[in-house]
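Below, each chain spelled out in residue letters.
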Amino acid sequence: MLLGDEGLTTGIIHSIAPRVDLLSMMNDYSDIFTASSAISSSEERLIVSPGMETQSLLDSIYAASLESIGSNKFMKSYCINLERLSIQAHLTAGVLSASQSTIVSTSSSSLDELFASSSTEYIVEAFLENTDKLEDLVKTLLALEYWRENVLFRKEESTFEDAEVEFEIEGGERGLLDQYDGLNDVDGGEEADDSTTKGLASLLAANGNSLRAAFILHVETTIVSMLNLVFYKGIPPTFLEGDGDQFLLSLVDYCARQLVFLGTPEGANIALRRQKNPLSATDLSTYLETRSRLDEVQDSVYDESYKTAVAAVSLSRYLCENVQDLPTSIVSRMLEVHDWPLLMVPLIEEPPWTRRRQVERKQIIWEKLLNDNNCNEWSEVLPKDLLVLTKVEAQPWIALFHLTGKVCRESYGLDEFRKAQLMRLRRYIHETLTDQLPILQDVARYLDELSILGVPAIGGGVHRPSSNASSSGLLLQRVDSLRESVIGHKNVNSDEHLISIIKHQWDEIFSHVTDSNDEELKRVAFEVYDGPGSD
């Protein structure tokens, strides 16, 4: 089942580790990690017990400021404690979902028996009882997004353009090695101040902090994954009361940015193109052996950006699913400011989770992002199964069902442009699809009605069914004040503000440690991926 199946939540995306990149980096630092610790099975072990341990880990979660990202406190709270909570929450949800399904489980593990007897997602319940921790997660999520996009690599560096040209070259260095100039002093010598204008990544690469950077970037994916489990239960009540809706506003804006990212054509989206056109095994092996440390950091950015965006599609679906509970201002934000219905169109027309590639002997195969052990992995799909919906593929369709429901339909302003864009989806709704998602029959009916509906021309206002009239009036829009407070500056691109953050993080956090002697990375390896209870 796709609709209402809790397995849908657990399967959206939760990497047990940022695997491909991290495993290759772990091999470079074998004194910290071993292969077994990175890939040890976590499906049949109790990582976090209910009660005091859960509450203790939850208490360590805090709203991380931009300056504190990557600190030892951050690593302990998020890379270790939150990761453990998230893994356990997904395992619990998976076991409970399996026990409630019609599929008879053949497993007799003690973990299954424990969860079946408790019949509760105690990690999720703990977050719902401590909603201040959910607020901390949202604030940290916004900080991490800004850190990834503006602090780690400055936008004016044009690293995406360089990568777009050079990535096709086997074992290429992507033209980024010039950022190493003047950075031979690994202890953060005098040249470090000049390099802050280029972003923090060049400093981390020169100092050997690429693995810590990879784990920091993975936290953003973990937070979205954890929020998916929470929002599957509905909108937390405190987010609907008083000033709590500011967190919903920030999440709506965040999800919109991720939807835009995924909907950007791969020709202009290097992160998506890397997923859609992966290197062959031979070329990948050569590339991993020859890439620089700066390439490692950049690769982590690309991979985690994609994983986080895919996870955010599910979060978007849960927000749409509870649209009847959302304040009017939030619904207006979704429909009029960001135009969520149209943001779903490219995800259906050019799905970022399906790819066609050539393998050995010029054989063409199709692959989809499928769930395997609570982790989305690319898997081959036979041509005859291409129309079978995966859990990830179902998300934009389910979101669209709610976005074309009564609540949104009465508030969504239509004109010729919006009508034309939505009508492009009609040809994708066929019997094979509706057999899998019967709710899409309502979407098809809405589109059929829309096809004969007269709407204003572009620029001539919009038609709102609630008033049966056209409107071109101006509305006041709320500002995402929460994001502004997290960033700490109204001008998000302020050079002075960004340089001060980079300099602070380098001087206070990263210049004092390298991956080879990083005690926090050793703790991550032991407490999360090779801790007590592992095989």
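**Student:** Describe the overall build of the chain, with residues and values.
**Tutor:** Helix and strand counts for the chain come out as 27 helices and five strands. Total accessible area computed for the chain in this model is approximately 22,400 Å², and 50% of it derives from carbon and sulfur atoms.

**Student:** How would you explain the state of the cysteines if you had to name every residue and give the values?
**Tutor:** Within this structure, the stated rule accounts for zero disulfides. Take Cys 320: it sits in no disulfide, and the sulfur closest to it among the cysteines is that of Cys 408, at 6.8 Å. Assessed through its relative accessible area of 0%, Cys 320 is described here as buried.

**Student:** I'd like a description of helix H26 (residues 495-508), backed by residues and values.
**Tutor:** With 14 residues, H26 ought to run about 20 Å at 1.5 Å a step, and its terminal C-alpha atoms sit 20 Å apart, in line with that. Those residues of H26 lying buried are His 497, Leu 498, Ile 501, Ile 502, Gln 505 and Trp 506. Along the long axis of H26, the arc covered by the buried residues comes to 160°, so they all point the same way. Relative to its buried face, H26 has exposed residues pointing more than 90 degrees away, namely Glu 496 and Glu 508.

**Student:** Give me the confidence of the model for the chain: which residues, what numbers.
**Tutor:** Low pLDDT marks regions whose predicted coordinates should not be analysed in detail. With 73% of its residues at a pLDDT of 70 or more, the chain has an overall mean of 79. Confidence drops under a pLDDT of 50 for residues 102-118, and excluding neighbours within four residues, the segment shows 19 contacts in the predicted structure. Confidence over residues 467-473 falls short of pLDDT 50; this stretch has eleven contacts with residues more than four positions distant or in other chains.

**Student:** I'd love a proper account of the side chain of Ser 77, names of residues and values included.
**Tutor:** Tracing the backbone through its elements, the reader meets Ser 77 in helix H5 (residues 72-100). Accessibility expressed as a relative area gives 4% for Ser 77, which makes it buried. A distance of 2.9 Å separates a polar side-chain atom of Ser 77 from the backbone oxygen of Ser 60. Other than its neighbours up to four places away in sequence, Ser 77 contacts Ser 60, Ile 61, Tyr 62 and Leu 82.

**Student:** Kindly report on the packing of helix H13 (residues 245-263) against helix H16 (residues 293-321), identifying the contributing residues and their values.
**Tutor:** Direction vectors running N to C along H13 and H16 enclose 125°, while the axes themselves pass 8 Å from each other. Relative to H16, the element H13 lies oblique. Between H13 and H16 lies a crossing of left-handed hand. Along its contact with H13, which presents Leu 248, Leu 251, Val 252, Tyr 254, Cys 255, Gln 258, Leu 259, Phe 261 and Leu 262, the element H16 presents Ser 305, Tyr 306, Thr 308, Ala 309, Val 310, Ala 312, Val 313, Leu 315, Ser 316 and Leu 319. Looking at the contact of H13 with H16 residue by residue, the classes come out as 15 nonpolar, four polar and no charged.

**Student:** Please set out the packing of helix H8 (residues 131-152) against helix H11 (residues 200-207) residue by residue, giving values where relevant.
**Tutor:** Between H8 and H11, the least distance of the axes is 7 Å, while the angle of their chain directions is 85°. The angle between the axes of H8 and H11 places the two elements in the roughly perpendicular class. Within the contact between the two elements, H8 uses Trp 147, Val 151 and Leu 152 and H11 uses Leu 200, Ala 201 and Leu 204. A per-class count over the contact of H8 with H11 returns six nonpolar, no polar and no charged.

**Student:** Talk me through the packing of aromatic side chains; I want residue IDs and the actual numbers.
**Tutor:** Tallied over the entire structure, the rule returns six aromatic pairs. For the ring pair Phe 231 and Phe 239, a centre distance of 6.2 Å and an interplane angle of 55° mean the geometry is tilted. The pair formed by Phe 231 and Phe 239 is uniform in burial state, with each residue classed as buried. Considering the side-chain rings of Tyr 232 and Tyr 318, the 6.0 Å spacing of their centres and the 85° angle between planes classify their relative orientation as edge-to-face. Taken together, the residues Tyr 232 in helix H12 (residues 210-232) and Tyr 318 in helix H16 connect sequence positions 86 residues apart.

**Student:** Give me helix H22 (residues 416-423): which residues, what numbers.
**Tutor:** Here H22 has its buried residues at Arg 418, Lys 419, Gln 421 and Leu 422. Looking down the long axis of H22, one finds its buried residues gathered within 165° of arc, a one-sided arrangement. Taken together, the buried residues of H22 touch helix H17 (328-337), helix H18 (340-343), helix H19 (345-349) and helix H24 (440-451). In this structure Asp 415 caps H22, since a side-chain oxygen of it lies 3.2 Å from the backbone nitrogen of Phe 417.

**Student:** Run through the nonpolar core, naming residues and quoting values.
**Tutor:** In this structure, Phe 74, Tyr 78, Phe 127, Leu 137, Met 226, Phe 231 and Trp 340 are the most contacted members of the largest nonpolar core, which totals 139 residues. Once residues lying within four places of it in the same chain are set aside, the contact partners of Phe 127 are Leu 58, Leu 82, Leu 85, Lys 133, Leu 134, Leu 137, Met 226 and Val 230.

**Student:** Explain unusual backbone geometry to me, and be specific about the residues and the numbers.
**Tutor:** Positive phi is not limited to glycine here, since Asp 339 has a value of about 55°. Secondary-structure assignment places Asp 339 in the loop between H17 and H18.

**Student:** Explain the pattern of salt bridges to me, and be specific about the residues and the numbers.
**Tutor:** Scanning the entire structure with this criterion turns up 26 salt bridges. Salt-bridge contacts for Arg 274 lead to Asp 299; the nearest nitrogen and oxygen are separated by 3.2 Å. Taken as a pair, Arg 274 in helix H14 (residues 270-276) and Asp 299 in helix H16 lie far apart in primary sequence, 25 residues in all. Take Arg 274 and Asp 299: they sit in the same class, and that class is buried. Note that Asp 339 and Arg 418 form a salt bridge whose closest N and O atoms lie 2.9 Å from each other. Note that Asp 339 is positioned in the loop between H17 and H18 and Arg 418 in helix H22, a separation of 79 residues in sequence. Neither residue differs from the other here; Asp 339 and Arg 418 are each classed as buried.

**Student:** How would you sum up the environment of Gln 421? Please name residues and give values.
**Tutor:** Mapped onto the elements, Gln 421 comes out in helix H22. In sequence terms Gln 421 and Leu 343 are 78 residues apart; their C-alpha atoms lie 10.0 Å from each other. If we skip the residues at most four places from it in the chain, Gln 421 touches Leu 342 and Val 345.

**Student:** Give me the lowdown on the side chain of Arg 84, citing residues and values where you can.
**Tutor:** The residue Arg 84 is located in helix H5 in this model. You can call Arg 84 buried: its relative accessible area is 12%. Contacts of Arg 84, omitting those with residues within four sequence positions, involve Ile 47, Val 48, Glu 53, Leu 57, Glu 527 and Val 528.

**Student:** Lay out the environment of Pro 236 with the relevant residues and their values.
**Tutor:** Structurally, Pro 236 can be placed in the loop between H12 and H13. Remark: the alpha-carbon pair of Pro 236 and Leu 134, spanning 102 residues in sequence, is separated by 8.9 Å. Those residues within four positions of Pro 236 in sequence are excluded, and the remaining contacts are Leu 128, Leu 134, Val 230 and Phe 231.

**Student:** Explain the environment of Leu 262 to me, using residue names and the numbers behind them.
**Tutor:** In this fold, Leu 262 is placed in helix H13. You can call Leu 262 buried: its relative accessible area is 2%. As a C-alpha pair, Leu 262 and Val 310 span 48 residues in sequence and 7.6 Å in three-dimensional space. With residues near it in sequence (within four places) discarded, Leu 262 still touches Leu 272, Tyr 306, Ala 309, Val 310, Val 313, Leu 347, Pro 352 and Trp 353.

About the criteria used
Residues numbered from 1 in each chain as written. Predicted model: local features only at pLDDT ≥ 70, side-chain atom pairs only at ≥ 80, totals over all residues. Heavy atoms only, no water. Helix = DSSP H or I, 4+ residues; strand = E, 2+ residues; numbered from the N terminus. Areas by Shrake-Rupley, 256 points an atom, 1.4 Å probe, with all protein chains shown as cover. Disulfide = S-S within 2.5 Å. Buried < 20%, exposed > 50% of the residue type's maximum accessible area, 1.4 Å probe, protein only. Expected span 1.5 Å × (residues − 1). Arc of directions from axis to C-beta. pLDDT = per-residue confidence, 0-100. Contact = heavy atoms within 4.5 Å. Polar contact = N/O pair within 3.5 Å; in protein donor to acceptor, adjacent residues only side chain to side chain. Axes fitted to C-alpha atoms, helices over the stretch in contact; angles between N-to-C directions. Parallel < 35°, antiparallel > 145°, perpendicular 65-115°, else oblique. Left-handed = near helix turned anticlockwise from the far one by under 90°. Nonpolar A, V, L, I, M, F, W, Y, C, P; charged D, E, K, R; others polar. Phe/Tyr/Trp six-rings, centres within 6.5 Å; stacked < 30°, edge-to-face > 60°. Core = buried A, V, L, I, M, F, W, Y, C linked by side-chain atoms within 4.5 Å. Salt bridge = Lys/Arg side-chain N within 4 Å of Asp/Glu carboxyl O.

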